[in-house]
Amino acid sequence: MKGRILQTTGSWYQVLLDDKIVPARLKGKFKLEELDTTNPIAVGDFVTLEKTEGGEFIINEIHNRNNYIIRQSPRNKHQRHIIASNIDLALLIVTIAQPRTSLGFIDRFIAAAESFHIPVKIVINKIDLTLSNKEKEIFDYLTLIYPQIGYEVFSGSAINMNGINDLNSILENKTTLVAGHSGVGKSTLLNSINKELNLKTGKISEKWGKGMHTTTFATMFEILPNSFIIDTPGIKEFMLLQVEPEEVSGYFKDIKEFSEDCQFNNCLHQNEPNCAVKKAVENTQIAATRYENYLHIIQNIKDINYWERK
Ligand SMILES: Nc1nc2c(ncn2[C@@H]2O[C@H](COP(=O)(O)OP(=O)(O)O)[C@@H](O)[C@H]2O)c(=O)[nH]1
Ligand SMILES: [Mg+2]
Ligand SMILES: [Zn+2]
């Protein structure tokens, strides 16, 4: 029997089997894969189950993952934890106001998603709020530059349902990771897509989340028939993992496009001569903010590497 992992709680797993949710355990001697991860099974995994004579469900095989997101243990950088797998789409929920999502955060998120091989779409929520002129400018900027790079941008309001029906069709037949800072309206959006969900929203749950030590347990649920949502409490863990500066431009589609024309094939597009990327930024073929955020990321990696290799 083939099932899918919805939730992991210690040694028990909630598995979706046809249209039922059943508890299951791992087969006693389970062959760990080569990845040095702390968990053998993750939310989103497809598994093969077998029912014992006693009526218990036993997981005896994990199917190959299409992709997965992984986080590094803060204590041991060689220990990694798979947060979720088999993700078709990362839907990044952002807001222009209350709170404002920074472009730096958006670009770091996109780069990480690219590194995990997950397509990204952006939703600007809370467009019912009255925006200042500056905020309108930011809205226009987001809706201009990201689609040009290949990331669709939608906008809507979880409160007055504006644009929500568009989201239903984006989610259809997919497993979607819904991400974004606390307070941008993720839970409100999901509740308005499925009125029976009743996810906690608002300030109380936010404060609660911040005060607690973040145990990042992702869960998966079916929001509409054959539309799955992966909900992960920790968004800070979603980041580029153990990459070298030379790899980063591979995760910026707009920069990568031009980097093939740089004089040096290991060009970091900082101050190297005859850099096609810098030229493209000057010609506004690459958005200046994207380039700046790229530079921040490589500088950040260099700083970390410096202290680790010292
Ligand atoms: N004005 C406005 N407020 C919203 C909208 N969506 C959510 N909110 C409010 O933003 C706050 C945070 O929402 P919540 O769904 O808990 O955000 P989450 O932390 O991303 O899950 C709540 O007070 C919501 O009522 C929206 O579209 N417009
Ligand atoms: Mg929430
Ligand atoms: Zn270059």
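The text that follows walks through the structure, step by step, so that each part is easy to find. (Residues numbered from 1 in each chain as written. Chains lettered and ligands numbered in written order. Predicted model: local features only at pLDDT ≥ 70, side-chain atom pairs only at ≥ 80, totals over all residues. Heavy atoms only, no water.)

Side note on the pattern of salt bridges
Put simply, the rule reads: Every case where a carboxyl oxygen of Asp or Glu lies within 4 Å of a side-chain nitrogen of Lys or Arg is listed as a salt bridge. Here a helix means four or more residues in a row that DSSP labels H or I, a strand means two or more in a row labelled E, and each is numbered from the N terminus. Note on exposure labels: buried denotes an accessible area under 20% of the residue type's maximum, exposed denotes more than 50%, and partly exposed covers the range between, all computed with a 1.4 Å probe on protein chains only.
Scanning the entire structure with this criterion turns up 6 salt bridges. Between arginine 25 and glutamate 56 there is a salt bridge, with its nearest N and O atoms 2.7 Å apart. One end of the pair, arginine 25, is in strand E3 (residues 20–26); the other, glutamate 56, is in the loop between strand E4 (46–51) and strand E5 (57–62), and 31 residues separate them in sequence. Of the residues examined, glutamate 56 reaches a relative accessible area of 32% and is grouped as partly exposed.

Concerning the sheet that holds strand E9 (residues 120–125)
Heads up, the rule is: Following DSSP output, two strands are said to pair if at least two bridges run between them. The axes are straight lines fitted to the C-alpha atoms, using for helices just the contacting stretch, and the angles between their N-to-C directions are given from 0 to 180°. Working rule for contacts: check all heavy atoms of both residues, and any pair within 4.5 Å makes them a contact.
Ordered in space as E10-E9-E8-E11-E13-E12, the 6 strands form an open sheet in which the pairing is mixed. Only two strands of the sheet have a single neighbouring strand rather than two, namely strand E10 (153–155) and strand E12 (219–224). On average, each strand axis in the sheet is inclined to that of its neighbour by 30 degrees, with strand direction left out of account. Pairing of E9 with E10 involves 3 bridges; the strand directions are parallel. By the bridge assignment, isoleucine 122 is partnered in E10 with valine 153. Set on the sheet, helix H3 (residues 164–171) makes contact with strand E8 (89–95), E9, E10, strand E11 (175–179), E12 and strand E13 (227–231); between it and E8 the angle comes to about 160 degrees.

Some words on the site of ligand 1
Selection rule: The rule for a residue being near a molecule or strand is that one of its heavy atoms must lie within 4 Å of it. Nitrogen and oxygen atoms within 3.5 Å of one another constitute a polar contact, given that in protein one can donate a hydrogen and the other can accept it, and given that sequence-neighbouring residues count only through two side-chain atoms. The protein chains shown are the only cover counted for residues, whose accessible areas, like all others here, come from Shrake-Rupley with a 1.4 Å probe. For this classification, the nonpolar set comprises Ala, Val, Leu, Ile, Met, Phe, Trp, Tyr, Cys and Pro, the charged set comprises Asp, Glu, Lys and Arg, and every other residue, Gly included, is treated as polar.
The environment of ligand 1 is made up of 18 residues, and the closest members are Asp128, Gly183, Lys186, Thr188 and Gly202. Here threonine 188 contributes a side-chain N or O atom positioned 2.5 Å from an oxygen atom of ligand 1. Compared with its free state, where it exposes 580 Å², ligand 1 has 83% of that area covered by protein. Among the elements that take part in the shell around ligand 1, helix H4 (residues 186–193) stands out by supplying 3 residues, more than any other. Split into classes, the residues belonging to the shell around ligand 1 amount to 4 nonpolar, 10 polar and 4 charged.

Examining the environment of isoleucine 124
For isoleucine 124, the position within the fold is in strand E9. C-alpha separation for the pair isoleucine 124 and arginine 4, spaced 120 residues apart in sequence, amounts to 31 Å. If we skip the residues at most four places from it in the chain, isoleucine 124 touches Val94, Ile96, Phe139, Leu142, Thr143, Val153, Phe154, Ser155 and Gly156.

Describing the coordination of the zinc ion (ligand 3)
Keep this limit in mind: The rule for donors is simple: N, O or S, within 2.8 Å of the metal, or within 3.2 Å if the metal is Na, K or Ca. Water isn't counted, so a site may look like it is missing partners. Four donors are marked tetrahedral only if all angles between them lie between 85 and 135 degrees, whereas four are marked square planar and six octahedral if opposite donors are more than 155 degrees apart and the other angles lie between 65 and 115; the remainder are marked irregular.
Within the protein, the zinc ion (ligand 3) binds to Cys262 (SG), Cys267 (SG), His269 (ND1) and Cys275 (SG); these donor distances fall in the range 2.1 to 2.4 Å. Angles of 102 to 117 degrees at the metal separate the 4 donor atoms of the zinc ion (ligand 3), which places the site in the tetrahedral class. One chain supplies every donor to the zinc ion (ligand 3), and in sequence these donors are spaced C-x4-C-x1-H-x5-C. With cysteine 262 in the loop between helix H7 (253–259) and helix H8 (276–282) and cysteine 275 in the loop between H7 and H8, the pair connects residues that are 13 residues apart, well separated along the chain. Comparing cysteine 262 with cysteine 275 shows no difference in burial state: the two are buried.

Focus: the packing of aromatic side chains
Rules: By convention, a stacked pair of Phe, Tyr or Trp rings (six-membered ring in the case of Trp) has centres within 6.5 Å and planes under 30 degrees apart, an edge-to-face pair has planes over 60 apart, and any other such pair is tilted. Our definition puts a charge over a ring when NZ of Lys or CZ of Arg is within 6 Å of the ring centre and also within 35 degrees of the ring normal.
Going through the model one piece at a time under the given rule, you end up with 4 aromatic pairs. Arranged with centres 6.5 Å apart and planes meeting at 40 degrees, the rings of phenylalanine 105 and phenylalanine 109 form a pair that is tilted. Taken together, the positions of phenylalanine 105 and phenylalanine 109, both in helix H1 (residues 103–115) and 4 residues apart, correspond to about one turn of that helix. An angle of 85 degrees between the planes, with centres 5.0 Å apart, marks the rings of tyrosine 306 and tryptophan 307 as edge-to-face. Each residue in the set Phe252, Tyr291 and Tyr294 is aromatic and connected to the rest through ring pairs, giving one cluster. Residue placement shows lysine 2 over the ring face of phenylalanine 46; its charged tip is 4.7 Å from the ring centre.

What is shown is where atoms sit, not what they do.
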